Amino acid sequence: MVPFSARAALALAALLSIPACAQDPATPQVNFTPFVSGLPQVTTLTHAGDGSGRLYATQQGGQVRVIQNGQVRAQPFLDVSALTSAGGERGLLGLAFDPAYRQNRRLYVHYTDRGGDTVLARYTATPDFTQADPASARILLTARQPYANHNGGQLAFGPDGFLYLGLGDGGSGGDPQNNAQNLASPLGKLLRLDVSGDGARPAPGNPFLNREGANPYIWAYGLRNPWRFSFDRGTGDLIIADVGQSAFEEVDRQPRASQGGENYGWRLREGRSCYDPARGCPTQGLTDPVLVYGRDEGQSITGGYVYRGQDIPALKGQYVFADFGSGTVWAAPASGQNWNKLRLGSVENPSTFGEDEGGELYVAEYGSGRVLRLGR
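Here the structure is a predicted model, which is why all the values come from computation and not from measurement.

Caption draft 1: The arrangement of the UniProt feature "domain: Glucose/Sorbosone dehydrogenase" (unreviewed entry) in the protein chain in detail. Annotation from UniProt places "domain: Glucose/Sorbosone dehydrogenase" (unreviewed entry) at residues 48–330. End-to-end, the C-alpha atoms of residues 48–330 are 26 Å apart, and along that stretch the chain is 1% helix and 38% strand.

Caption draft 2: View of the environment of Asp198. Topologically, Asp198 is positioned in the loop between strand 13 (189–194) and strand 14 (201–202). As for Asp198 and Arg267, which are separated by 69 residues in sequence, their C-alpha atoms are 36 Å apart. A polar atom in the side chain of Asp198 sits 2.7 Å from the side chain of Arg138.

Caption draft 3: Broad picture of the pattern of salt bridges. Inspection of every chain in the model, using the stated rule, returns 15 salt bridges. The partner of Arg267 in a salt bridge is Asp276, with the nearest N and O atoms 3.3 Å apart. A single network of salt bridges, built from pairs that share partners, joins Arg122, Arg138 and Asp198.

Caption draft 4: Inspection of the side chain of Asp232 at higher detail. Mapped onto the fold, Asp232 is located in the loop between strand 16 (228–231) and strand 17 (238–242). Within polar-contact distance, the side chain of Asp232 engages the backbone nitrogen of Gly234 at 2.7 Å. Side chain to side chain, Asp232 and Arg308 meet in a polar contact 2.8 Å long. Not counting residues within four places of it along the chain, the set of residues in contact with Asp232 comprises Asp237, Val306 and Arg308.

Calculation rules
- Residues numbered from 1 in each chain as written.
- Predicted model: local features only at pLDDT ≥ 70, side-chain atom pairs only at ≥ 80, totals over all residues.
- Heavy atoms only, no water.
- UniProt positions renumbered as here; feature names shortened; annotations may be inferred.
- Helix = DSSP H or I, 4+ residues; strand = E, 2+ residues; numbered from the N terminus.
- Polar contact = N/O pair within 3.5 Å; in protein donor to acceptor, adjacent residues only side chain to side chain.
- Salt bridge = Lys/Arg side-chain N within 4 Å of Asp/Glu carboxyl O.
- Contact = heavy atoms within 4.5 Å.

Right under this line is the structure:
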């Protein structure tokens, strides 16, 4: 998969389509029910917000597929395979639909180009919305990637109407170029873009917009590999799952009222512990994670969503996420500064979660090609 290619061999055998573990009486009872199959290497699951009820899945190799009425449409919605260098942590990594998609038919993809660099591109759907017009491609942003790993991945529109893009620190190990703390670099950052016009520009109010030498697109920094992030549709809070280096996986939270500029600590810290320097690292100005877990529980976090659907009342208000290596799925009440997780169950190599228009949740198994729906 994408934030953890070398770690896939560490994946543990997982139980499939089973109810949640009930070791703790507070644990919501959740089943993982097969929804569709035949979609290997899914990197994104999302909807267009257009009332159609369709889900869209990106496959790492470069195709966007449509899921409608519990079936995978044979014809790809979009195919950028010829433009993409796929494999390891590269490929088609993100997809987001414009909030005004029904009017402007715009969608956005994040992929690794043939040279190994990041591309953010816009496409326009055909008038009947059956596919994206390949001739409509418009490259909005590119970023040089010094190594093959830590490309980040997620694209999502925030409640403010701006487009957010998560980029990893550029790869290798230990962020050797210190990109995550370098405000001149877009790497190791969450970027915030205004795409309302013909192109893309830094969103108004970005915290480093007028700082000399800083990248004006930066919204938050100090991230290692923010493979999946999401906005809580109930509160507007931003929740980032950041893949760890060698000891800790972490979840970071940015309140809806934030003005941006948070520093989440990498490479000074991994989780809440010093990384570089190994002792005595500065902590002033750093934003602590709300949740951390160690390598005894997993080795590559897959971020999810705060559940706001109707099917599982006991899960409402809890952040649902997983670990790619162990396959464990957890939920944590999304409140306060220290979140405590409860185990919901296990699936096989969970690569991404997705929300439908009603707020129900789905999870993709990277190797099996199955998409599972969470329910009671």
